[in-house]
Amino acid sequence: MAVDVLPTLAQSVYNQSAKHLARTDPEARHNYFGHLTSPNQGRFPEGWRFPVVEPFFDPNNEQAILDWNLVTFVYRVEDNARHPQTVSVIGDMDGSRNPIALVRIENSRYWAVTVRLPSRRIYDYLYLVDNLPVLDPVNTRHRLAANIHNPRPQGSDERWSYFWTDYCTQAVTFELWEQILLQRLTNHILPFNSRESRIFLENLDPSKLGGSRGRVYRLDLSLGVVNYIDKLLAGPEQHQRAGYKVCLAQINTLLRQRNPYQEPRDVPEEMYVALYNDLAANNVPGWNFNAYANPSYFLRLLRRHTLMGAFSHPKYGGNSAGYGWDYLAERFPPFDWRQGVEKPWGTSTEYRG
Amino acid sequence: MEKFDAVIIGSGAGGAPIAYELVRAGKSVLVLEKGPLLRTQDESPTGLSDFKRDELFGYGTEKIIDVPGVANRGAPYFPSHVEPDLNDEPHIYAGLDEQNPIATTEGFTAQVVGGGTQLYGAVHLRFTREDFRLASFNQGRANLPANRFTDPDVSIIDWPFTYDDIEPYYLKVEELVGLNGTTQGQLKDFKGQNKYQTPLAPNPISAFAKAGMEAIGGTTYRTPLAVITEDHAPSGRTAGNPKTSYVNRYGDPMGYKSNTWVALLRPTLRDPALAPLLTLRCNCHVTHLSANGATVNQVHYRDPSGEEQIVEGKIVVVACSAIESVRLLMLSCEQDRANFGARFQYQQSGGLLGRYFLTHCFGGAEVALLGRRFDKSISLDSDFATDLTASPAFIQANNLWAGAAIYNNTSDQALPLSLGRTHGSTDLDSLWQGFMGDTSIIGDGFNAWMDRDLGTRLSVSFMGNQIPWFRNHIRLHSSTDKWGRNNAYIVKDWHPHDRVLMDIITEQCRRILELGIPAGQRSNIENGSVKDQGVRIANHILGGARFGPNAGVSVLDASCKAWNFDNLYVTDGSCMPTSGGANPTHTIEANAFRVADILKTRI
């Protein structure tokens with residue numbers, strides 16, 4: 001099915017791009033001390049914001065804001081480069097894999113196109129600048145994606161730029177075993193599985209719960225925190241990705257040493273409690289401090305990411321189905337987050353999201 | 001070359017009122033704004049606002065400072081979505097010893113059409129009569145410790161006009177911008193007129209603050225807020241429900257919060273008779289001004305692509321918030337030391353550009369109510385205020401040079417991420433650190449933390465006058481921004497008397513909570529001020545190009561025109577010679593309306 005191409009608005013493109021892309025300084029000010037080392041990357045702040053993913057509103061379909069996104073592809077012609085004749089984007093946005101043309105915005109250096117794409121997905125793409133395929137020079141996310149039609153000559157670089165739309169739950173950072181370790185660690189930080197919470201939840205009178213309420217019964221399931229962190233470390237906090245990987249590998253090794261008879265995913269809760277306490281004390285027997293010098297820093301980081309994942313807007317991939325917010329409302333009345341928040345999460349009759 | 005009657009740099013509190021007035025006087029106006037135009041829901045082509053009720057908009061994900069030569073290189077920061085990237089355009093701060101400068105988020109308001117009025121908490125207090133005449137007020141006073149004012153670097157001057165002169169403009173702001181509040185109980189003279197809309201019901205938690213303010217002898221009033229509670233005819237806005245707690249540091253997707261875009265610029269552009277006279281160019285970064293003799297004849301800027309552009313204005317108004325305005329003028333001096341620089345006595349003995357930088361003495365007290373929980377997510381930024389500590393009697397009795405307003409805060413820590421961010425943190429540069437390090441907040445401990453802090457915390461704050469001190473200044477730093485221009489360097493600390501003032505008013509805030517909440521119903525009261533944190537600016541960015549009676553003591557004349565220039569005006573907070581004992585936006589806007597009346601006669 002062909003992609004819906006929507007009007008591309010000059011004002012919107014400038015609003016989304018000028019702060020990040022317009023500049024004369026050639027330095028890599030934004031490579032996080034070398035964490036982002038690919039060509040060109042590090043010149044632009046927040047390269048993960050490109051292409052720009054926004055919510056989509058349909059006045060006749062309340063569900064549309066969950067199912068669709070507006071995505072604006074922006075390509076800025078470098079100051080010293082001649083203007084190309086054509087710029088287009090190719091990838092798996094479009095079932096037919098046809099290039100989607102970008103248009104030059106007024107007489108500016110920006111070329112852009114806005115399309116409507118399904119949410120909850122990852123997309124691989126390349127720009128075709130005068131028919132030559134190039135990675136998005138701004139987006140810091142790219143990966144091997146050889147399974148889609150590659151316009152480049154056989155054997156050349158098979159990396160594609162990629163992005164994801166809202167509510168995406170496909171992993172881009174972590175392997176399954178890493179996700180499971182993280183889930184156990186974050187469950188230990190969050191309140192939902194604590195003894196006190198279980199008693200609270202078991203004693204809730206289901207008959208008094210209406211609408212979205214009552215969903216907290218499912219809090220034993222993942223709150224999506226791990227998915228939130230997975231996206232965070234591929235995007236805004238890409239600079240923390242390598243550290244996470246090193247720490248999770250160490251934790252995996254340590255848990256196997258401490259209990260050779262069970263998989264780390266299956267070891268009793270007490271082992272995670274002990275590990276948490278060791279990390280908090282920055283005194284972790286068996287930790288390879290040469291590989292990662294400050295395990296308590298990893299724990300602090302994980303604590304912040306866990307809180308953000310549990311209680312930020314669900315579109316970022318955590319706070320699944322708004323369960324995190326529901327828990328707060330039910331456990332700590334009269335806190336009512338719903339009245340200011342858009343439907344379907346909240347009940348605001350004015351604000352649409 | 002394009003020519004306009006007026007080119008205004010900055011679309012916030014200091015610039016937009018002038019655009020509003022000049023266009024209505026038939027003048028052609030260009031407003032250049034560095035930031036984007038973020039639209040409200042009703043004006044957005046997508047049907048959705050560019051602002052969101054989303055906690056990650058107020059403070060975003062982690063970024064890392066990587067500015068060469070600063071002491072906090074490698075430190076994290078968590079900017080809002082409309083603050084500049086610190087690695088592209090930092091503010092550099094150091095104390096008076098200039099050791100270990102750091103890059104900081106302090107001192108940026110917002111880079112967006114509407115400027116700081118988009119993200120502010122919208123507290124819109126008038127200054128008191130004495131705030132405009134503190135030199136006269138203190139002259140000959142016997143009860144001030146002498147050493148506090150014999151310091152030759154302290155220079156207190158009266159404003160070049162009185163409260164009575166600016167009063168009609170305060171009224172104008174209250175009507176045109178759209179404020180709610182009550183006049184009764186305020187120390188300020190409203191001269192029998194009241195343009196406030198009716199305040200909404202206060203959050204019930206604020207009753208304790210009100211009781212405390214009254215218990216210490218204060219009269220209370222509803223904190224004036226730039227939020228419409230009724231349909232607002234001057235700006236064509238329809239009222240709705242603004243009580244969401246996504247207030248301070250959030251742009252309002254619905255446009256109920258009155259900022260200079262929805263209240264002044266947008267209505268002008270929507271009026272077919274006026275729109276042709278107003279040109280708004282956003283995402284345009286002014287790099288410098290150039291002058292021919294005493295006339296600023298060119299404004300140089302980078303357009304959204306980054307291309308260099310030049311425009312001309314019969315007059316040029318600089319209003320891009322005090323630090324950036326001073327920086328822009330200094331960068332212009334650097335381009336042309338012989339003329340532009342000489343006219344500002346730039347880097348010469350006696351030069352005052354950048355001097356007497358001010359913010360506010362601020363602080364307060366905070367407590368958690370025991371056994372009671374309120375929904376602070378249904379609130380605006382503040383409910384009650386008192387002028388007790390701004391009264392001449394209080395100032396005299398406490399041997400202070402000036403006063404302060406006190407008001408309670410309601411929208412702070414109302415939402416879960418804000419609780420985590422601010423747990424144990426004292427400023428924007430230490431966000432999240434407390435929560436990250438408090439490893440006892442886990443499982444049942446997490447519940448206990450929320451039980452203690454979610455919807456239970458009540459705080460009262462003060463905003464007090466800061467001593468104008470020559471040593472507190474802005475200049476250019478050797479590091480450069482993404483355009484290769486030198487960044488702003490802020491060197492400041494608190495004068496000893498500032499610390500005295502902060503201690504005394506902090507104690508009043510503590511007493512408000514002590515007396516307002518029965519013992520046994522509250523946790524230990526935490527109180528304090530910024531007296532040991534020289535970096536703190538409260539986003540109240542004032543001084544650095546003050547106005548006054550002559551070029552010997554000031555940078556601008558009474559009309560905000562730079563001495564030695566014919567057509568260069570500076571109308572943001574940088575013109576203020578004293579910071580006033582209240583949040584400054586109302587006064588910046590009123591002064592800009594005052595200057596606009598003068599400019600109408602000069603173009």
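Before reading further, recall that the structure is shown in the block above.
Cut-offs and rules
- Residues numbered from 1 in each chain as written.
- Chains lettered and ligands numbered in written order.
- Predicted model: local features only at pLDDT ≥ 70, side-chain atom pairs only at ≥ 80, totals over all residues.
- Heavy atoms only, no water.
- Helix = DSSP H or I, 4+ residues; strand = E, 2+ residues; numbered from the N terminus.
- Rg over C-alpha atoms; globule rule 2.2 N^0.38 Å.
- Buried < 20%, exposed > 50% of the residue type's maximum accessible area, 1.4 Å probe, protein only.
- Contact = heavy atoms within 4.5 Å.
- Areas by Shrake-Rupley, 256 points an atom, 1.4 Å probe, with all protein chains shown as cover.
- Lys, Arg positive; Asp, Glu negative; His and termini not counted.
- Charge placed at Lys NZ, Arg CZ, Asp CG, Glu CD.
- Phe/Tyr/Trp six-rings, centres within 6.5 Å; stacked < 30°, edge-to-face > 60°.
- Salt bridge = Lys/Arg side-chain N within 4 Å of Asp/Glu carboxyl O.
- Buried area = accessible area lost by both parts, 1.4 Å probe.
- Nonpolar A, V, L, I, M, F, W, Y, C, P; charged D, E, K, R; others polar.
- Pairing = 2+ DSSP bridges.
- Axes fitted to C-alpha atoms, helices over the stretch in contact; angles between N-to-C directions.

Chemist: Would you take a moment to explain the overall build of chain B for this structure?
Modeler: Scanning chain B for helices and strands turns up 15 helices and 19 strands. Relative to a compact globule of 603 residues, whose C-alpha radius of gyration would be 25 Å, chain B shows 23 Å and is just as compact. The buried share of chain B, taken over its 603 residues, is 69%. Considering only residue pairs separated by 6 or more positions, chain B has 75% of its internal contacts joining residues 24 or more positions apart. About 17,600 Å² of surface is accessible on chain B, with carbon and sulfur atoms providing 48% of the total. Averaging the coordinates of the 55 positive side-chain charges in chain B and doing the same for the 66 negative ones gives two points 3 Å apart.

Chemist: Teacher, can you tell me more about the packing of aromatic side chains here?
Modeler: Here the distance between the centres and the angle between the planes together describe a pair of aromatic rings. For the coordinates displayed, the defined rule picks out 38 aromatic pairs over all chains. Both rings, one in Y327 of chain A and one in F332 of chain A, keep their centres 6.4 Å apart while their planes meet at 80°; by these two values the pair is edge-to-face. For the residue pair Y327 of chain A and F332 of chain A, the accessibility class agrees, reading buried in each case. By the ring-pair criterion, three or more aromatic residues cluster together here, those being F192, F311, Y327 and F332 of chain A together with W432, F435, F446 and W449 of chain B.

Chemist: Please explain the pattern of salt bridges as it appears in this structure.
Modeler: Any two side chains of opposite charge can pair, given that their charged atoms come close. Residues and elements named next belong to chain B. Under the criterion given, the structure shown has 63 salt bridges over all chains. A salt bridge links R266 to D42, with the shortest nitrogen-to-oxygen separation between them at 3.8 Å. Remark: D42 occurs in the loop between strand 2 (29-32) and helix 2 (55-58) and R266 occurs in helix 7 (residues 260-270); sequence separation between them is 224 residues. Looking at D42, the relative accessible area reads 56%, which means it is exposed. Two residues, E83 and R249, come together in a salt bridge whose shortest N-O distance is 3.1 Å. In this pair, E83 sits in the loop between strand 4 (76-77) and strand 5 (91-94) while R249 sits in the loop between strand 7 (220-222) and helix 7, placing the two residues 166 residues apart along the sequence. Both residues of the pair, E83 and R249, belong to the buried class. Taken together, the salt bridges that share partners define one network made up of K34, E89, E324, R327, D481 and R485.

Chemist: Sorry if this is basic, but what is going on with the interface of chain B and chain A here?
Modeler: The accessible area lost on association of the parts is a frequent measure of interface size. In this assembly, 77 residues from chain B lie in contact with 75 residues from chain A. Together, E62, M436 and K482 of chain B form the three largest contributors to the area buried by chain B at its contact with chain A, with a combined 10%. The tally of links from chain B across to chain A stands at six salt bridges. Linking E62 of chain B and R304 of chain A is a salt bridge whose minimum nitrogen-to-oxygen distance equals 3.3 Å. For the side of chain B that touches chain A, the class distribution of residues is 33 nonpolar, 22 polar and 22 charged.

Chemist: Is there a simple way to think about unusual backbone geometry in this case?
Modeler: Residues and elements named next belong to chain A. With omega at -10°, the peptide bond leading from F50 into P51 counts as cis. Secondary-structure assignment places P51 in the loop between helix 1 (10-21) and strand 2 (52-55). Cis rather than trans, the peptide bond between P333 and P334 has omega equal to 10°. Positionally, P334 belongs in the segment after helix 9 (323-331). Here N131, not a glycine, exhibits a phi torsion of approximately 70°, which is positive.

Chemist: For this particular structure, what's the right way to read the sheet that holds strand 5 of chain B?
Modeler: Consider a sheet: its strands pair through backbone hydrogen bonds, and that pairing is either parallel or antiparallel. Residue and element names in this part refer to chain B. Ordered by their spatial adjacency, four strands build an open sheet running 6-5-17-16, and the pairing between neighbours is mixed. Looking at which strands have only one partner, the edges of the open sheet turn out to be strand 6 (102-104) and strand 16 (473-480). Averaged over all adjacent pairs, the angle separating strand axes in this sheet is 40°, with direction ignored. Summarising the sheet, strand 16 and strand 17 (residues 486-491) pair through five bridges and their orientation is antiparallel. When the bridges of strand 17 are listed, H473 appears paired with V491. Seen against the sheet, helix 8 (residues 322-335) touches strand 5, strand 16 and strand 17 and runs at an angle of roughly 65° to strand 16.

Chemist: Help me understand the sheet that holds strand 14 (residues 404-409) of chain B, please; the structure alone is not making it clear to me.
Modeler: All names here are of chain B. Spatial ordering of the open sheet is given by 7-13-14-15-12-18, a layout of six strands whose pairing is antiparallel. Strands with a single pairing partner mark the edges of an open sheet, and in this sheet they are strand 7 and strand 18 (526-529). The mean inter-strand angle of the sheet, taken between neighbouring strand axes irrespective of direction, is 20°. Two strands pair when backbone bridges link them, and strand 13 (residues 384-386) and strand 14 are joined in this way by two bridges, in the antiparallel orientation. From the neighbouring strand, T386 faces strand 14, where its bridge partner is I406.

Chemist: Please clarify how the side chain of N138 of chain B should be interpreted in this entry.
Modeler: Residues and elements named next belong to chain B. Tracing the backbone shows N138 in helix 4 (residues 134-138). Judged by relative accessible area, which is 10%, N138 ranks as buried. Discounting chain neighbours no more than four positions away, the residues touching N138 are L144, L400 and W401.

The quantities given are spatial measurements derived from coordinates; they are silent on function.
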